[in-house]
Amino acid sequence: MRFPAKLGVFISTPSLEAHILAKKDQEDLELMISHQLLDDALPVAQEMVKNGAEAILSRRGTSQLLRNQIDIPILTFPTLTTNIISSVSMAPTNHGKILLTSPIRPFANLGLIRKLLSVELIQCVYHDTKSLRDMLLKYSEQGCRIAVGGMVTQRFAREAGLEFFELLSSEEEITDTFESAIAVVLSAREKKMKALLYKTIIDATSDAIIAVDANLNIMVANSFAGTLFHYKTDSL
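Residues numbered from 1 in each chain as written. Predicted model: local features only at pLDDT ≥ 70, side-chain atom pairs only at ≥ 80, totals over all residues. Heavy atoms only, no water.

(A) Representation of the packing of aromatic side chains in the model. Evaluation of the coordinates by the stated rule reveals one aromatic pair. The interplanar angle of 50° and the centroid separation of 6.0 Å between the aromatic rings of phenylalanine 77 and phenylalanine 178 together place this pair among those described as tilted. Here phenylalanine 178 lies in helix α8 (residues 171-204) and phenylalanine 77 lies in the loop between β4 (74-76) and α4 (81-88), a separation of 101 residues in the sequence. Lying over the aromatic face of tyrosine 139, lysine 138 brings its terminal NZ or CZ to 4.8 Å of the ring centre. Over the aromatic face of phenylalanine 156 sits the side chain of arginine 155, whose NZ or CZ is 4.9 Å from the ring centroid. (Phe/Tyr/Trp six-rings, centres within 6.5 Å; stacked < 30°, edge-to-face > 60°. Helix = DSSP H or I, 4+ residues; strand = E, 2+ residues; numbered from the N terminus. Lys NZ or Arg CZ within 6 Å of the ring centre and 35° of its normal.)

Rendered as C-alpha cells:
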C-alpha cells in the first residue's frame, strides 16, 4: 500500500482554498495547510518540513521566496493569462485604473489584456508584504480605485480604500500542480529506496569499499572501510 504524499500548501485566494479543501480527503494526499504568505510563510514552511512535508505548493510569490530557504521541492500554482482576463473582466471599467498586484516579477501579456478588455491596467510588482502595502497606498493616492490579487492584496486594499477583486485560480491548473507534486514525491521516495538498498548491499560485504570521483574525493564508503581506517563512515 502506498503512503499518502505529505504536502504543505499555502493558500492565497478564496478560489484556491475552495479547490484545495475539496482535495483534503483524497487517500493519496496528506495536506498541511496555511494562510501565511510571502515572508510570513518561511517559518511555517520550516515547521512543515520538520513535520515530514515532502513538497510544498503555493502561488508564485511565496514559492519564489521559499525556494532559496527550503530544501524540499517547491511547486507553483500557475497564474495564466486566462486567469488574469477572467479576474480583471469582473471589475467595473468605469472606475478608472485597475491595479494588478504581481509578486517578485511582472506578469506577461498585459498589453494584450489591456487591448482585449479596453482597460487601463497597472502592474504593481512587489517583493514582500511591506512593499505591497506601500505600493497599494501609493497607487490609491494616484487615483487607482480597484486592486486585483490574492489574500494579502485584499487585506491591504481595504486599508488603502481600494475595491478588491480576486485573482482567480482554475481547478484544472490546481489539479495538474497536485499531480506533479505527487509525481515528484514518488520519484524522491524511489531514489531514497535505491540509495538505501545500495548502502545495505555494500555494508553487507566483508571487503572495504571506497568510491572516489575524478578529483579523488570520497563519494561512498562502506562500514568495513570505516572500521579498517578507524573513521566513522560519514566522516570519510
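Anyway, onward from the coordinates.
(B) Just empty space enclosed by the protein, in detail. Within this structure, the stated rule accounts for one cavity of 30 Å³ or more. Every residue lining the largest cavity is counted, 19 residues in all, and those nearest its centre are Ser12, Arg59, Pro103, Tyr126 and Gly150. Broken down by secondary-structure element, the contributors of at least two residues to the lining of the largest cavity are α3 (60-67), β5 (98-103) and α7 (151-160). Looking at the lining of the largest cavity residue by residue, the class counts come to eight nonpolar, nine polar and two charged. (1 Å grid on protein atoms, 1.4 Å probe; cavity = no way out; pocket = protein on both sides within 12 Å on 5 of 7 lines; lining within 4 Å. Points joined across faces, edges and corners; volume = space filled by probe spheres on them. Nonpolar A, V, L, I, M, F, W, Y, C, P; charged D, E, K, R; others polar.)

(C) Broad picture of helix α6 (residues 129-141). Given a rise of 1.5 Å per residue, 13 residues ought to cover 18 Å, and the 19 Å separating the end C-alpha atoms of α6 matches this to within 8%. Every buried residue belonging to α6 is among Thr129, Ser131, Leu132, Leu136, Tyr139 and Ser140, and all of these are buried. Mapping the buried residues of α6 onto a view down its axis gives an arc of 165°, with all of them on the same face. Exposed and oriented more than 90 degrees from the buried face of α6 are Lys130 and Glu141. Of the surrounding elements, those touching the buried residues of α6 are β5, β6 (121-126), β7 (146-149) and α7. A positive backbone phi angle near 105° is found at glycine 143, which sits one or two residues after α6. (Expected span 1.5 Å × (residues − 1). Buried < 20%, exposed > 50% of the residue type's maximum accessible area, 1.4 Å probe, protein only. Arc of directions from axis to C-beta. Contact = heavy atoms within 4.5 Å.)

(D) A look at a nonpolar patch on the surface. Residues Ile210, Val212, Leu216, Ile218, Phe224, Leu228 and Phe229 make up a contiguous nonpolar surface patch of roughly 640 Å² in combined accessible area. Sorting the residues of the nonpolar patch by element identifies β9 (210-212) and α9 (223-229) as the ones contributing at least two each. In terms of residues, the nonpolar patch owes the most to one element, α9, which gives three residues. The residue leucine 228 is located in helix α9 in this model. (Patch = residues over 30% accessible without salt bridge, like charges linked within 9 Å, V, L, I, M, F, W, Y side chains within 5 Å. Areas by Shrake-Rupley, 256 points an atom, 1.4 Å probe, with all protein chains shown as cover. Salt bridge = Lys/Arg side-chain N within 4 Å of Asp/Glu carboxyl O.)

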